[in-house]
Amino acid sequence: MARIAYDHADAAAFEATRHLAEDGLASWRAAATRHLAPLPGMRLLDLGAGTGSWARNFTTWFPGVVAVEPSAAMCARSVFEPILAGDAARIPLNEDSVDGAWLSTVIHHVPDLTAAAHELRRVLRPGAPVLIRSAFAGRHQAITLFRYFPEAVRVLDTYPGIADVESAFADAGFATAAIEEVPQITAASLREAATALRREAHTPLQLITDDEYAAGVERLHEAARVDTGPVIDVLDLLVLR
């Protein structure tokens, strides 16, 4: 499922640095619940759940959560249990068994978007939404990481664009319900972000050269000496029904 093979070092870095704090989650809770109102008995699928931070937070937002993740290393680090082994082509759920699906920074790891769309259609109840949180190709301008690692934009530009995802999901009968730009507080300061940065936690940073990464780290630390405000990033939420 992944562009990179998530080993235990990657999973540890992801767990240590990619879980948003409560102030970073507030805008995503508001966005998610705008498109999927919590109702008694409902179940949300977190597909590509990683180390389980979204699934854990969803338990306070929605009545039921099912987490599915293909990487054994990620599962071993999960802060949510149980987490089921599976991927976008093989979701270990029955037909018409969930009321919504959440995919966070995972769509670029899916090798066959059309197959994934059909598999999601199989497990979703009629009318249930797919909520895709992502950095899409061509939409990097409001993401801090790419300001200091501009070479990583070429990696992002190999990711699916919004139109690519819409086209693949249309094959399974989905249509776009919304595209939202959602701001989040990623870190309390640029200094905090620079100190916590782990290359293994970011696919675009793993796929640039060592020299490019080193130059970006230098730019980031230099900026962190003078920039004292919070790090606010804007990612997209694509909603399909």
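All of the points below concern the structure found in this document. (Residues numbered from 1 in each chain as written. Predicted model: local features only at pLDDT ≥ 70, side-chain atom pairs only at ≥ 80, totals over all residues. Heavy atoms only, no water.)

Points about the overall build of the protein
Now for step 1: Along its length, the protein carries 11 helices and 7 strands.
Now for step 2: In terms of overall dimensions, the protein is globule-like: its C-alpha atoms have a radius of gyration of 17 Å, near the 18 Å expected for 241 residues.
Now for step 3: By principal-axis analysis of the C-alpha atoms, the protein measures approximately 50 × 35 × 30 Å.
Now for step 4: Going through the 241 residues of the protein one by one, you find that 53% of them count as buried.
Now for step 5: Within the protein, residue pairs in contact and separated by at least 24 positions form 79% of the contacts whose partners lie at least 6 positions apart.
Now for step 6: A total of about 10500 Å² of accessible surface is found on the protein, and carbon and sulfur atoms cover 52% of it.
Now for step 7: A distance of 3 Å separates the average location of the 21 positive side-chain charges in the protein from that of its 31 negative side-chain charges. (Helix = DSSP H or I, 4+ residues; strand = E, 2+ residues; numbered from the N terminus. Rg over C-alpha atoms; globule rule 2.2 N^0.38 Å. Buried < 20%, exposed > 50% of the residue type's maximum accessible area, 1.4 Å probe, protein only. Contact = heavy atoms within 4.5 Å. Areas by Shrake-Rupley, 256 points an atom, 1.4 Å probe, with all protein chains shown as cover. Lys, Arg positive; Asp, Glu negative; His and termini not counted. Charge placed at Lys NZ, Arg CZ, Asp CG, Glu CD.)

As for the nonpolar core
Within soluble globular proteins, side chains that are nonpolar tend to cluster in buried spots.
Now for step 1: Counting 47 residues, the largest nonpolar core has Trp28, Trp54, Phe58, Trp102, Phe149, Leu205 and Leu237 as its most contacted members.
Now for step 2: The residues touching Trp54, leaving out its near neighbours within four places in the chain, are Leu20, Leu25, Trp28, Asp46, Trp61, Trp102, Ser104 and Arg133.
Now for step 3: Counting 31 residues, the second largest nonpolar core, distinct from the first, contains Leu93, Val98, Val110 and Ile132. (Core = buried A, V, L, I, M, F, W, Y, C linked by side-chain atoms within 4.5 Å.)

What to know about the sheet that holds strand S6 (residues 176-187)
Now for step 1: Spatially, 7 strands are ordered S3-S2-S1-S4-S5-S7-S6 in an open sheet, and the strand pairing comes out mixed. At either end of the open sheet lies a strand with only one pairing partner, and these are strand S3 (83-85) and S6. Strand-to-strand twist across the sheet, computed as the mean angle between neighbouring axes with direction ignored, equals 25 degrees.
Now for step 2: Where strand S4 (residues 100-104) meets strand S5 (residues 130-134), 4 bridges bridge the pair, whose relative direction is parallel. Its bridge partner lying in S5, Leu103 is registered against Ile132.
Now for step 3: On top of the sheet, helix H2 (residues 22-35) reaches S4, S5, S6 and strand S7 (231-240); it is set at about 170 degrees to S6, its chief contact.
Now for step 4: Strand contacts of helix H8 (residues 162-170): S5, S6 and S7, with the helix running at about 25 degrees to S7, the strand carrying the most contacts. (Pairing = 2+ DSSP bridges. Axes fitted to C-alpha atoms, helices over the stretch in contact; angles between N-to-C directions.)

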